Amino acid sequence: DGGITQSPKYLFRKEGQNVTLSCEQNLNHDAMYWYRQDPGQGLRLIYYSQIVNDFQKGDIAEGYSVSREKKESFPLTVTSAQKNPTAFYLCASSMAGPVPFNNEQFFGPGTRLTVL
Amino acid sequence: GESVGLHLPTLSVQEGDNSIINCAYSNSASDYFIWYKQESGKGPQFIIDIRSNMDKRQGQRVTVLLNKTVKHLSLQIAATQPGDSAVYFCAEIRSQGAQKLVFGQGTRLTINP
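The following refers to the structure shown.

Conventions adopted
Residues numbered from 1 in each chain as written. Chains lettered and ligands numbered in written order. Predicted model: local features only at pLDDT ≥ 70, side-chain atom pairs only at ≥ 80, totals over all residues. Heavy atoms only, no water. Helix = DSSP H or I, 4+ residues; strand = E, 2+ residues; numbered from the N terminus. Phe/Tyr/Trp six-rings, centres within 6.5 Å; stacked < 30°, edge-to-face > 60°. Buried < 20%, exposed > 50% of the residue type's maximum accessible area, 1.4 Å probe, protein only. Lys NZ or Arg CZ within 6 Å of the ring centre and 35° of its normal. Contact = heavy atoms within 4.5 Å. Buried area = accessible area lost by both parts, 1.4 Å probe. Salt bridge = Lys/Arg side-chain N within 4 Å of Asp/Glu carboxyl O. Polar contact = N/O pair within 3.5 Å; in protein donor to acceptor, adjacent residues only side chain to side chain. Nonpolar A, V, L, I, M, F, W, Y, C, P; charged D, E, K, R; others polar.

## A look at unusual backbone geometry
Working step 1: The omega torsion of the bond from Ser7(A) to Pro8(A) falls at -10 degrees, within 30 degrees of zero and hence cis.
Working step 2: Along the polypeptide, Pro8(A) turns up in the loop between β1 (4-7) and β2 (10-13).
Working step 3: Residues other than glycine seldom take positive phi values, yet Asn28(A) does so here, at roughly 60 degrees.
Working step 4: Its place among the elements puts Asn28(A) in the loop between β3 (19-25) and β4 (31-37).
Working step 5: If you check the backbone angles, Arg61(B) has positive phi at about 65 degrees while not being a glycine.

## Comments concerning the packing of aromatic side chains
Working step 1: Enumeration over the complete set of coordinates arrives at 12 aromatic pairs over all chains.
Working step 2: Ring centres 5.7 Å apart and planes at 40 degrees place the aromatic pair Tyr35(A) and Phe107(A) in the tilted group. One end of the pair, Tyr35(A), is in strand β4; the other, Phe107(A), is in strand β10 (residues 106-107), and 72 residues separate them in sequence.
Working step 3: On the basis of relative accessibility, which here comes to 1%, the residue Tyr35(A) falls in the buried class.
Working step 4: Here the aromatic rings of Tyr47(A) and Phe55(A) are separated by 5.9 Å at their centres, their planes lie at 80 degrees, and the arrangement is edge-to-face.
Working step 5: Here the aromatic residues Tyr33(A), Tyr35(A), Tyr48(A), Phe107(A), Tyr36(B), Phe46(B), Phe89(B) and Phe103(B) are joined through ring pairs into a cluster of three or more.
Working step 6: Taking the ring centre of Phe74(A) as reference, the NZ or CZ of Arg68(A) above it sits at 5.9 Å.

## So, the interface of chain B and chain A
Working step 1: Each side of the interface is counted separately: chain B has 21 residues, and chain A has 26 residues.
Working step 2: Of the roughly 1,900 Å² buried at the junction of chain B and chain A (both faces included), carbon and sulfur atoms supply 57%.
Working step 3: There are zero salt bridges connecting chain B and chain A.
Working step 4: Connecting chain B to chain A are two residue pairs in polar contact (both at pLDDT 80 or more).
Working step 5: A breakdown of the residues in the side of chain B that touches chain A according to their chemical character gives 10 nonpolar, seven polar and four charged.

Okay, here's the thing in structure tokens:
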């Protein structure tokens with residue numbers, strides 16, 4: 001079955017540690033995205049990548065880093081520089097191309113990160 | 001600044017009634033709008049989309065209306081069922097610059113038996 005997977009579903013980390021969240025898709029999508037969601041809030045864009053080996057900062061990139069070495073993978077590292085990392089993290093992917101065609105974003109199940 | 005927002009953070013309806021969830025946007029350059037449904041602890045799921053050259057689009061039990069004059073978007077759910085309980089987000093893509101989705105805050109829909 002095609003889809004997006006994120007692991008782990010729940011993640012705990014001690015303050016000051018870096019942690020990497022996994023995101024994999026087998027939809028053959030060019031574009032991938034990372035969002036952060038806080039309780040009762042909408043989604044805020046952290047980083048996005050339109051093509052392999054290229055990525056851009058979103059609205060709240062500080063304290064985060066990404067890589068896009070493979071089309072199907074877009075891992076997100078939450079660094080110790082992120083002051084308030086406890087949140088629900090969502091990965092998404094979509095076909096790249098001219099707006100407004102084929103821009104539906106498919107979301108993974110999310111990873112809930114808690115900093116202790 | 002420009003934003004995508006929702007008029008109401010919560011909406012309660014009786015089972016079987018129709019639900020209407022509203023969304024306002026401020027950027028007239030937006031080309032494409034999507035409604036997502038997010039159940040607790042899960043990622044958002046695509047419900048329906050609409051392009052800026054359309055006023056209305058219908059799906060199964062859902063209808064999206066776009067009023068470009070007042071920059072307003074609505075999602076109508078017919079015969080609301082318990083499984084419709086979720087948070088609903090509208091999102092827009094602005095074709096100028098990077099093609100990024102901008103999400104609204106969300107509306108929590110609860111169904112009363």
